[in-house]
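Breakdown of the fold
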Amino acid sequence: MQQHQRRKVQDWLNLFEQQKQSGLTAVEFCRQQQINVQTYYTRRRDIRLQRTSSKFVQVKREVTKVESYTEEMGGELLLKLGNAQLSVPTNVSPHWIATVMKALAE
């Protein structure tokens with residue numbers, strides 16, 4: 001029985017690139033290179049998962065400073081942002097205000 005070599009990740013990456021450059025299907029390429037097709041697909045999947053799941057992506061969140069203040073207006077809340085203003089009763093749901101503010105920000 002023939003002893004098969006254990007390939008390193010870089011060796012597999014080189015093989016994947018060779019297959020892509022060859023224009024052959026993976027099956028044809030594996031047949032030429034005497035590689036088990038099942039092993040080829042398994043290693044390709046595993047290496048892709050390793051490479052994508054181990055990458056840390058830092059997301060920078062942009063924070064916008066919004067100044068707000070209230071004025072007594074007979075039980076109403078006055079919200080001002082730039083030239084826009086919104087007057088709502090003081091008993092309005094904070095969730096409703098948040099929804100409106102998010103919609104306006106889009």
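Computed from a predicted structure; not experimentally measured.

Once that is clear, we can look at the pairing of strand β2 (residues 84-89). The pairing of strand β1 (residues 76-81) with β2 spans six bridges and is antiparallel. Of the residues in β2, the one forming a bridge with leucine 79 is leucine 86. Between β1 and β2, which pair antiparallel in sequence order, lie two residues; one of them, glycine 82, sits at a positive phi of approximately 65°.

Its location among the elements puts glutamate 28 in helix α2 (residues 26-33). A distance of 3.0 Å separates a polar atom in the side chain of glutamate 28 from the backbone nitrogen of threonine 25.

What follows is about helix α4 (residues 94-105). Here α4 contains twelve residues, and its C-alpha end-to-end distance of 16 Å stays within 8% of the 16 Å for a straight helix at 1.5 Å per residue. For α4, the tally of buried residues reaches only one of twelve residues, placing the bulk of the element at the surface.

So, how was this worked out
Residues numbered from 1 in each chain as written. Predicted model: local features only at pLDDT ≥ 70, side-chain atom pairs only at ≥ 80, totals over all residues. Heavy atoms only, no water. Pairing = 2+ DSSP bridges. Helix = DSSP H or I, 4+ residues; strand = E, 2+ residues; numbered from the N terminus. Polar contact = N/O pair within 3.5 Å; in protein donor to acceptor, adjacent residues only side chain to side chain. Expected span 1.5 Å × (residues − 1). Buried < 20%, exposed > 50% of the residue type's maximum accessible area, 1.4 Å probe, protein only.

Any link to function would need more than the numbers given here.
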